Structure formats: structure tokens, C-alpha cells
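Below, each chain spelled out in residue letters.
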Amino acid sequence: MGQRQGGMYLWVLGAIGAGVLVGHLAPGLGVQFKPLGDGFLRLIKMLIAPLIFSTIVTGMAGMGDLRRVGRVGAKALLYFEGVTTLALGIGLVVVKTLKPGAGLHIDPRSLDGKAVEGYTQAAKQTSAVDFVLNVIPSNVVEAFARGELLQVLLFSVLFGAAAAALGSEARPLVEGVERLSRVLFRIVGMVMKLAPLGAFGAMAYTVGKHGLGALVGLGKLMGAFYATSLFFVLVVLGLILRGLGLRITRLLRYLGEELVLVLGTSSSEAALPRLMEKMTGLGCSPGVVGLVVPTGYSFNLDGTSIYLTMAALFIAQATDTPLSLGQELSILLVLLLTSKGAAAVTGGGFLTLAATLASTGTIPVAGLALLLGIDRFMSEARALTNLVGNAVATLVVARWEGELDLERAQAMLRGAPPAPSGDEGRNVQG
């Protein structure tokens, strides 16, 4: 197993390198490889909704006590709010200290407002009420067909709660869902063999479409963002893991294949099925994994939170827009609310940024055009940070709830085979 995973890791890395070369040397050809990346992501997204459903239903049925389910959800949301708020604050401090936009002196009137018109119009149409109502599916089949993550999550929780309440009466149905889950994870293994093709296509298109030259003009912002994301993962998340007796570097090595996949596709969703499988294998109970990971993909976006504050203040610096401390804090407060729905819609990061700038009225929304050229490159760091953040969140909530086999996790992260157990992933550590 280890050799197979190591081989895939190298294949995906090689595909990323080949994609960069093709996109740089033959941009027109690179753009034509876009369907490879899109097709791979579609195959993954095809599996996400049924995987979330099967994992949550079997996990909740295994928990039995619905109060435990509510407790896990409450702890997860509490952790999400605390860590994403910290991420927003760190982004604010870094961008104010490094000032990557200072000295550009860009006149907002010279920017192409039409380039971001789609984002600003969509932002105006997305209110807090719309977001809440969008969580409730008008049609369950449609929610699964469209892959609406939060809608599928809501239905799965209700279904799992009903199955747990019925107990033995619903056991045959739950056993069927368990078998479905095993089949779905087998399909994930089949699809993952196409990961090198998907990574190649996505990277060739990105470099061919936007060019490496986009990295030079706004390199200071990109460098600051990547460095901040790295600091957040290694130091902030690292300290959180140390509190559990685990090391972040070992977790990164354990998730190496998933991280490389995310790097190639610029999408953390590409690794969601494998992340759920890996966290269960690490010793987190299936019930916790089923609740925390899908919820985290909407509410625990550490990388996106860092990006939002840095991007907003970068636009202000680049356009010479003066901001008082009170205005900066008001932007931070707005982002505390708007950032939680960033993954619920396509282009969520840009929509959230557009909505925040429009609501505060202090930073020109047209400044979003400055980021269009490099947003695709920055999305890789966002996705990587989000993925690691959700892995850490799952471990924290599982440990908090007493649903983490800590000895197994330590053994797995050391690379040693864990001791066999008749109830893997469920051994309670007090």
C-alpha cells in the first residue's frame, strides 16, 4: 500500500511539472487540456454527496445517542469560529506589516469594472437570509444531483438522526448504507488512478491561460500570502496538534498524496473523499469524521480567511484608500460573518470579498480586478491550508469528544503499523 501511494505521489508531482512546462512553452496547447482537469474534478464531485450521506448515516447510527451528535456539532462549530477568527486576525496583521500593495498608486477609475461585474452582481443577490434558506433543499434529489454540500449535509444528519432513533428497526437499512459506503470508497480508489491526468490538465490550463508573468507583477502579495499560510499551518495548527501529542510535520507527510492532488487541481474538494478515509484510518471515529469534515468544508476555511483580509487590505493599499483602525476592524467583523459561506457557492472567495467591500463602502470594489490574474495561483495555497485545517479540526474534535484512538494516530503518523484492534478508530482516549 505504501509503495502504491508513494508511486501515485510521484506521478502527480511529475504531472504538475509537465503541466507547468506545457502551459508556459505552449500556452495555446495548455489551455486545451482544461477538460482533463475539469473531468477529474467532476468524477470526484460525483462521489462527494453519496459519500457524505453514507458516512454520516452510519456514523450517527453507530453513535446511537443523539445528544452526542449535537455535542459533536456544537464543539466543531465552536472550534471553527475560534480558528477562522484567528486566521482573519493573522492575515490583517501581516498585510498591515508588510504592505504588499503600498507604492502601486493605482487609480480605481482606470480598472476594468466589467471584469468583476459578475462577482459584484452575485454578491448583491446573496444575503444572509438567502444563505440560510439555501441550506434547506427544496428537493432532496436535486440537492444530491447538484452536489450542494450543505443541503446534503442537512438531509444526511436528519436521516441519520431518524435511523439512530429507530434503533434495531432501522438496522437493516443502516447495514445497506454501510455496504454502499464501502463500494463508494472502492470507486474513489479507481478514480484516484486518474489523478495525474487531472493535475496535468488543471496546471497546464492555469499556466497557459494566466501565464507565469502574472506572478511577477503581484509577486509581493503572493509571497506574503504563501508565507502567511505556511506560518499558520506550521505554527498555529502545529501548536494545536502538539496539545494533542501529535506533530504537524508528520500529519503533512501522512496527507502527502492528498496535498499534492490539491496543489495540482487547486481544489480542496478533490481530496475530500480521501481525507475522510484517511482521518478514519488515523483513529477518529466515523461519526466524528462524517460530521466534522463536510461541515468544515463550509465553515472552517482557514486559508480562505487569511486570503480575504489580505486581499481586502491589499486593494486599499494599492488604490491609496486610507483606512482608520475602526474601519479595518469593521471589515474584519464583516468578514467574520461573510467568510462562513465562502464555499457554499462557485467563486465563493471572490463573492465573499465583493460582498464585504460593497457592504463596507470604504474600499473600491473595482479593485478586485487587480486580483483576477493571480487568484488561480493563490487558490492553491488557500485549498492546501483549508485541507490541513480540516484534518486538524477533525483530530481536535475527536479528541475533545473522546472519540480518538490516540495511540493509533501516533503510530500511523510515525509510519509504524498500528496494533490490530477489533474496534479500530473507536477506542476512547480520556
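Residues numbered from 1 in each chain as written. Predicted model: local features only at pLDDT ≥ 70, side-chain atom pairs only at ≥ 80, totals over all residues. Heavy atoms only, no water.

A. Quick look at the pattern of salt bridges. This structure, assessed with the given rule, holds 10 salt bridges. The salt bridge involving Arg-171 is made with Glu-175; its shortest N-O contact spans 3.6 Å. Here Arg-171 and its partner Glu-175 are both found in helix H9 (residues 171-192), 4 residues apart, which amounts to about one turn of the helix. Note that Arg-171 and Glu-178 form a salt bridge whose closest N and O atoms lie 3.3 Å from each other. Given a relative accessible area of 34%, Arg-171 falls into the partly exposed group. By relative accessible area, Glu-178 is classed as partly exposed at 26%. (Salt bridge = Lys/Arg side-chain N within 4 Å of Asp/Glu carboxyl O. Helix = DSSP H or I, 4+ residues; strand = E, 2+ residues; numbered from the N terminus. Buried < 20%, exposed > 50% of the residue type's maximum accessible area, 1.4 Å probe, protein only.)

B. Representation of helix H12 (residues 219-242). With 24 residues, H12 ought to run about 34 Å at 1.5 Å a step, and its terminal C-alpha atoms sit 33 Å apart, in line with that. The sharpest bend along H12 reaches about 30° and sits at Phe-232. Inspection of H12 places Leu-221, Met-222, Ala-224, Phe-225, Thr-228, Ser-229, Phe-232, Val-233, Val-236, Leu-237, Gly-238 and Leu-241 among the buried residues, and these make up the whole buried set. (Expected span 1.5 Å × (residues − 1). Bend = angle between axes of the 7 residues up to and from the residue.)

C. Main features of the packing of helix H15 (residues 272-281) against helix H16 (residues 286-299). Packing of H15 against H16 leaves a shortest axis separation of 10 Å and a crossing angle of 145°. Once H15 is placed against H16, the crossing between them reads as right-handed. Counted together, Leu-272, Leu-275, Met-276, Met-279 and Thr-280 of H15 and Pro-286, Val-289, Gly-290, Val-293, Pro-294 and Tyr-297 of H16 form the full contact between these two elements. Split into classes, the residues belonging to the contact of H15 with H16 amount to 9 nonpolar, 2 polar and no charged. (Axes fitted to C-alpha atoms, helices over the stretch in contact; angles between N-to-C directions. Left-handed = near helix turned anticlockwise from the far one by under 90°. Contact = heavy atoms within 4.5 Å. Nonpolar A, V, L, I, M, F, W, Y, C, P; charged D, E, K, R; others polar.)

D. Examining the packing of aromatic side chains more closely. Going through the model one piece at a time under the given rule, you end up with 9 aromatic pairs. Seen in terms of ring centroids, Phe-33 and Phe-200 are 4.9 Å apart; in terms of plane orientation they differ by 70°. Their pairing is edge-to-face. Taken together, the residues span a long stretch of sequence, with Phe-33 in the loop between helix H2 (27-32) and helix H3 (34-63) and Phe-200 in helix H10 (residues 195-210) at a distance of 167 residues. Its relative accessible area of 23% is what places Phe-33 among the partly exposed residues. Overall, the relative accessible area of 15% leaves Phe-200 in the buried class. Put simply, the rings of Phe-53, Phe-144, Phe-155 and Phe-159 pair up and form one aromatic cluster. Sitting over the ring of Tyr-205, Lys-34 keeps its end group 5.3 Å from the ring centre. Over the face of the ring belonging to Tyr-307 we find Arg-382, whose NZ or CZ atom lies 4.2 Å from the ring centre. (Phe/Tyr/Trp six-rings, centres within 6.5 Å; stacked < 30°, edge-to-face > 60°. Lys NZ or Arg CZ within 6 Å of the ring centre and 35° of its normal.)

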